[in-house]
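Structure at a glance
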Amino acid sequence: MSARRLSARWVLPIETPPVERGAVLLGPDGRIAAVGPDAYVPRPAGVPAEDFGSALLLPGLINTHTHLELTGMAGAPPEADFASWIRGVRAAKALLPADRFLVAARQGLADCWAAGVTTVADTGDSGAVAQALAEADGSGVAYQEVFGPHPDQWDESLRGLQRRVESLSPYARGRVRLGVSPHAPYTVSGRLYQATAEWARSEDLPLAVHVAESPAESALLARGSGAFAIAWRGRGIPMPEPLGRSPIQWLDEHGVLSPRTICIHVVQARGLDIGRLANAGAAVAHCPRSNRAHGHGDAPLAALLAARVRVGVGTDSVVSVGELDLLAEARAARALAGLDAGRALGLCTRDAARALGLDAEIGGLRAGKWGDCTVIRLPPDRGVAAPEELALSSSPRDVVATYVGGRDVYRNSRPL
Ligand SMILES: [Zn+2]
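Rules behind the numbers
- Residues numbered from 1 in each chain as written.
- Predicted model: local features only at pLDDT ≥ 70, side-chain atom pairs only at ≥ 80, totals over all residues.
- Heavy atoms only, no water.
- Helix = DSSP H or I, 4+ residues; strand = E, 2+ residues; numbered from the N terminus.
- Rg over C-alpha atoms; globule rule 2.2 N^0.38 Å.
- Buried < 20%, exposed > 50% of the residue type's maximum accessible area, 1.4 Å probe, protein only.
- Contact = heavy atoms within 4.5 Å.
- Pairing = 2+ DSSP bridges.
- Right-handed = clockwise from strand over helix to strand, strands pointing away.
- Polar contact = N/O pair within 3.5 Å; in protein donor to acceptor, adjacent residues only side chain to side chain.
- Salt bridge = Lys/Arg side-chain N within 4 Å of Asp/Glu carboxyl O.
- Donors = N, O, S within 2.8 Å, 3.2 Å for Na, K, Ca; no water.
- Tetrahedral: all angles 85-135°; square planar, octahedral: opposite > 155°, others 65-115°.
- Axes fitted to C-alpha atoms, helices over the stretch in contact; angles between N-to-C directions.
- Left-handed = near helix turned anticlockwise from the far one by under 90°.
- Parallel < 35°, antiparallel > 145°, perpendicular 65-115°, else oblique.
- Nonpolar A, V, L, I, M, F, W, Y, C, P; charged D, E, K, R; others polar.

Counting its secondary structure elements, the chain contains 16 helices and 16 strands. Here the C-alpha atoms of the chain give a radius of gyration of 21 Å, agreeing with the 22 Å that 2.2 N^0.38 yields for 416 residues. Over its C-alpha atoms, taken along the principal directions, the chain stretches across nearly 70 × 45 × 40 Å. Per-residue burial over the chain gives 59% buried out of 416 residues. Long-range pairs, those at least 24 residues apart, make up 70% of the contacts in the chain with a sequence separation of at least 6.

Below you can see the structure in the form of structure tokens.
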């Protein structure tokens, strides 16, 4: 790791106002040593300096929900019936050789860096993303999934999860953290939720849960009806007890919601559920393009933000959305909740860091935080727009360079 100094037409620290003709000094420890107007940021002797001209420099983006082990599996758009779609994804995964997931995870991480994303919160069951992050000195949380819809399976499923987390523990080094993900209310029994949440608490592991995503999930918990209920009955799985719960309420009653929990999707949630999330201090990974692609509807983003629930945006997997484009998610969130550009950018930087409990380390350009940043090419004829608007309107193809902990991890060879 070596120190370097980067400058550009615009520097967006996010936590403080944009700086025209700004610079960032990255220290030899991989953390930010100084940020501000170019004229005031030190130029230590022997430290290489690079000026990105008319480009814009901002903190590395933070994707609060990915499935990088599915990289390369993008194909036809998701089918309308969510229950059969998710069965299809799991069946397709089961046919793949185990080493395929590591290849996918490595490519997925490289794709993230190429799109300016420097930290991921990833759920998967292969363990490949933890390994890919560790071997590349990346930054992220790898949530190990656990499944088990039959209440009698809970102890076997929990033991399996504990073994997997133990075997992945060598990868929990540097900036790689392990977590657990009891997958979703239609694949996990109440008892398994409870047991997993208790164990995660005792081990201080963060949790990620897909919840309140589809109407079929709500129908299963409310009335024991719908596509998931039919599938459960077909497999001899008893209905959730007691019925009449919303998905968020179900998790709350099983001890799953806490400040260490990130709830993914949260579309089928209103009033009381939003209060439950706020009271528990749980965070939300908002995935607007995935929610739309599956026809689940729109999440109550404005109400979540008004209730001061911590929210970051996430892409979900390539199988749901095709290309991962976190700024497109921020634009969709903006349109959904009527946010200004700065607030929308916050959802993939500062607020995403808060949602993951990492805001002391990442999410903004400030001395002491990790030297995670990305440089975006700006079109020459748009000099009049606010820099937040310019950043927000860019695409992964506009990313010029990406740094993780001060390390150059991506460089676009196209000239500026
Ligand atoms: Zn997901």
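Once you've had a look at it, read on.
Most of strand E11 (residues 261-265) sits out of view: five of its five residues are buried. Of the pairings in the sheet, the one linking strand E10 (residues 207-211) to E11 comprises five bridges and is parallel in character. Directly across from leucine 207, in E11, lies its bridge partner threonine 261. Alignment of E11 against strand E12 (residues 283-286), held across three bridges, turns out to be parallel. Paired with isoleucine 264 across the two strands is alanine 285, which belongs to E12. Read from E11 through helix H9 (residues 271-280) to E12, the crossover connection turns out right-handed.

Attention now moves to the environment of aspartate 298. Of note, aspartate 298 is situated in the loop between helix H10 (288-293) and helix H11 (301-306). Remark: the alpha-carbon pair of aspartate 298 and proline 288, spanning ten residues in sequence, is separated by 6.9 Å. If near-sequence neighbours (up to four positions away) are discounted, aspartate 298 is found in contact with Val267, Arg270, Arg292 and Leu336. A polar contact of 2.9 Å, which involves the side chain of aspartate 298, links it to the side chain of arginine 292.

In this section: the pairing of strand E15 (residues 399-404). Along E15, six of the six residues are buried, which leaves the element largely enclosed by surrounding structure. The pairing of strand E14 (residues 373-376) with E15 spans four bridges and is classified as antiparallel. The partner of cysteine 373 across the bridge, within E15, is tyrosine 403. Relative to strand E16 (residues 407-411), E15 runs antiparallel, the two sharing four bridges. Residue pairing for E16: threonine 402 is matched across the bridge by tyrosine 410. Here E15 hands over to E16 after two residues, with glycine 405 in that stretch at a positive phi of 55°.

A few words on the pattern of salt bridges. What the rule picks out here adds up to 22 salt bridges. A salt bridge links aspartate 351 to arginine 354, with the nearest nitrogen and oxygen atoms 4.0 Å apart. Note that aspartate 351 and arginine 354 are positioned in helix H15 (residues 350-355) at a spacing of three residues, about one turn of the helix. With a relative accessible area of 6%, aspartate 351 lands in the buried category. Several salt bridges share partner residues, and in doing so they unite Arg5, Asp38 and Arg43 into one network.

This part takes up the coordination of the zinc ion. Note on the zinc ion: its protein donors are His65 (NE2), His67 (NE2), His210 (NE2) and Asp316 (OD). The metal-donor distances range over 2.0 to 2.7 Å. Considering all four donor atoms around the zinc ion, the spread of angles at the metal, 86 to 171°, places the coordination shape in the irregular class. The sequence motif formed by the donor residues of the zinc ion is H-x1-H-x142-H-x105-D. On the criterion of sequence distance, the pair formed by histidine 210 in strand E10 and aspartate 316 in the loop between strand E13 (311-313) and helix H12 (318-321) is long-range, its members being 106 residues apart. Each of the two residues, histidine 210 as well as aspartate 316, counts as buried.

The next subject is the packing of helix H4 (residues 154-168) against helix H5 (residues 190-203). Here H4 crosses H5 at 35°, and the two axes come no closer than 9 Å. For H4 against H5, the interelement crossing comes out right-handed. Facing H4, whose interface residues are Trp154, Ser157, Leu158, Leu161, Gln162 and Val165, H5 presents Arg191, Leu192, Ala195, Thr196 and Trp199.

Time to look at helix H6 (residues 215-223). Regarding H6, the residues found buried are Ala216, Glu217, Ser218, Ala219, Leu220 and Leu221. In the core, the buried residues of H6 are packed alongside E10, helix H7 (227-234) and helix H8 (247-253). Directly beyond the C-terminal end of H6, a positive phi value near 65° is found at glycine 224.

Turning our eyes to something else, we now look at the packing of helix H1 (residues 82-94) against H7. Packing of H1 against H7 leaves a shortest axis separation of 8 Å and a crossing angle of 55°. One finds that H1 runs oblique with respect to H7. Contacts from Phe82, Ala83, Ile86 and Arg87 in H1 reach Ala227, Phe228 and Ala231 in H7. Residues belonging to the contact of H1 with H7 are distributed by class as follows: six nonpolar, no polar and one charged.

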